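# Examination of the molecular architecture
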Amino acid sequence: SLPTFRHHAIYMGPWDIMSQHFIERTKPPQGISSFTKIRLGWISQDQVLLVNPGSTQWTFLSPLSKKGETLAVKIPLERIWSGSWSHYYLVENRQPMGYDRLLPDRGILVLKVDLDVMEGSGTVKVMDADPDSPYFSHATFRLDRNNRNAFIDKKNNVAIIPLWSDKGTQGVLIT
């Protein structure tokens, strides 16, 4: 038998329509990630908070499917020769509302971007908070889940910690 559509959605799965075109065949598709929205020009640079390596900063992220002051955090990891960043993390707040109403989970989603990788070969990957759950079903980091309450990358000396919610926004600490 042929593999299911989930078999091929190995980098972002249900967190971006460009990876997995729907979560359930009979329901509307999910939304798209901050990476795709930035590339399409749907998120402006002033809606992305840049946190440089070695810095500590906290912010409140609006749900990605809604309009808001800050929709993503970008954490550069490696600079390419042209002066732009080729490796970085994007942090977004995914909540079941708007186009994201059918997501498998809610919370802080961390994406690792590697622009040196050929398109379709893992340019963007979800940093799965619970890799033992199938198909990125518990991929978000959440303050209310002990085993998913922080993303830590020791190699790059980066920690992303979900904080409390306030009026629909989600607090996050980057250090």
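As a starting point, this report considers the structure included with it.

Reading the values: the criteria
Residues numbered from 1 in each chain as written. Predicted model: local features only at pLDDT ≥ 70, side-chain atom pairs only at ≥ 80, totals over all residues. Heavy atoms only, no water. Helix = DSSP H or I, 4+ residues; strand = E, 2+ residues; numbered from the N terminus. Buried < 20%, exposed > 50% of the residue type's maximum accessible area, 1.4 Å probe, protein only. Contact = heavy atoms within 4.5 Å. Core = buried A, V, L, I, M, F, W, Y, C linked by side-chain atoms within 4.5 Å. Pairing = 2+ DSSP bridges. Axes fitted to C-alpha atoms, helices over the stretch in contact; angles between N-to-C directions. Phe/Tyr/Trp six-rings, centres within 6.5 Å; stacked < 30°, edge-to-face > 60°. Lys NZ or Arg CZ within 6 Å of the ring centre and 35° of its normal.

Moving on, we come to the overall build of the chain. Looking only at helices and strands, the chain has two helices and nine strands in total. Element order for the chain, N to C, with α for helix and β for strand: α-α-β-β-β-β-β-β-β-β-β. Evaluated residue by residue, the chain yields a buried proportion of 47% over its 175 residues. Within the chain, contacts between residues separated by at least 24 positions form 48% of all contacts whose residues are at least 6 apart in sequence.

Of all hydrophobic cores here, the largest spans 18 residues; its most connected members are Val73, Ile75, Tyr89, Val91, Ile108, Val110 and Ile160. Only β3 (72-79), β4 (85-94), β5 (107-114), β8 (158-166) and β9 (169-174) provide two or more residues apiece to this core. For this core, the leading source of residues is β3, giving three residues. Residues in contact with Ile108, not counting those within four places in the same chain, are Leu61, Val91, Glu92, Asn93, Thr140, Phe141, Ile160, Pro162, Gln170 and Val172. Counting 14 residues, the second-largest nonpolar core is a separate cluster that includes Phe35, Trp85, Leu103 and Val113.

With that out of the way, let us pick up the sheet that holds strand β2 (residues 57-61). An order of β2-β9-β8-β7 is seen for the four strands of this open sheet, with the pairing classed as antiparallel. Both edges of this open sheet fall to β2 and β7 (151-153), since each of them pairs with a single strand only. Recorded for the sheet is a direction-independent mean angle of 20° between the axes of neighbouring strands. Pairing of β2 with β9, which is carried by five bridges, proceeds in the antiparallel orientation. Paired with Gln57 across the bridge in β9 is Ile174.

If you trace the backbone, Trp42 turns up in the loop between α2 (34-40) and β1 (48-50). Those residues in contact with Trp42, other than ones at most four positions away along the chain, are Ile32, Lys37 and Gln47.

Inspection of the entire model under this criterion finds four aromatic pairs. Taking 5.5 Å as the distance between ring centres and 85° as the angle between the ring planes, the aromatic pair formed by Trp58 and Phe60 counts as edge-to-face. For Phe60, a relative accessible area of 21% puts it in the partly exposed group. Members of the aromatic cluster, connected to one another through ring pairs, are Trp58, Phe60 and Trp164. When the ring centre of Tyr88 is taken as origin, the NZ or CZ atom of Lys74, which lies over that ring, is 4.3 Å away.

To continue, consider the pairing of β8. Look at any regular strand and the pattern is simple: side chains alternate between the two faces of the sheet. Bridging between β7 and β8 involves three bridges; their strand directions are antiparallel. Directly across from Phe151, in β8, lies its bridge partner Ile160. Across five bridges, the pairing between β8 and β9 is antiparallel. The residue bridging Ile160 from the neighbouring strand is Ile174, located in β9. Linking β8 back to β9 in an antiparallel pair, the connection comprises two residues, with Lys167 at a positive phi of about 55°.

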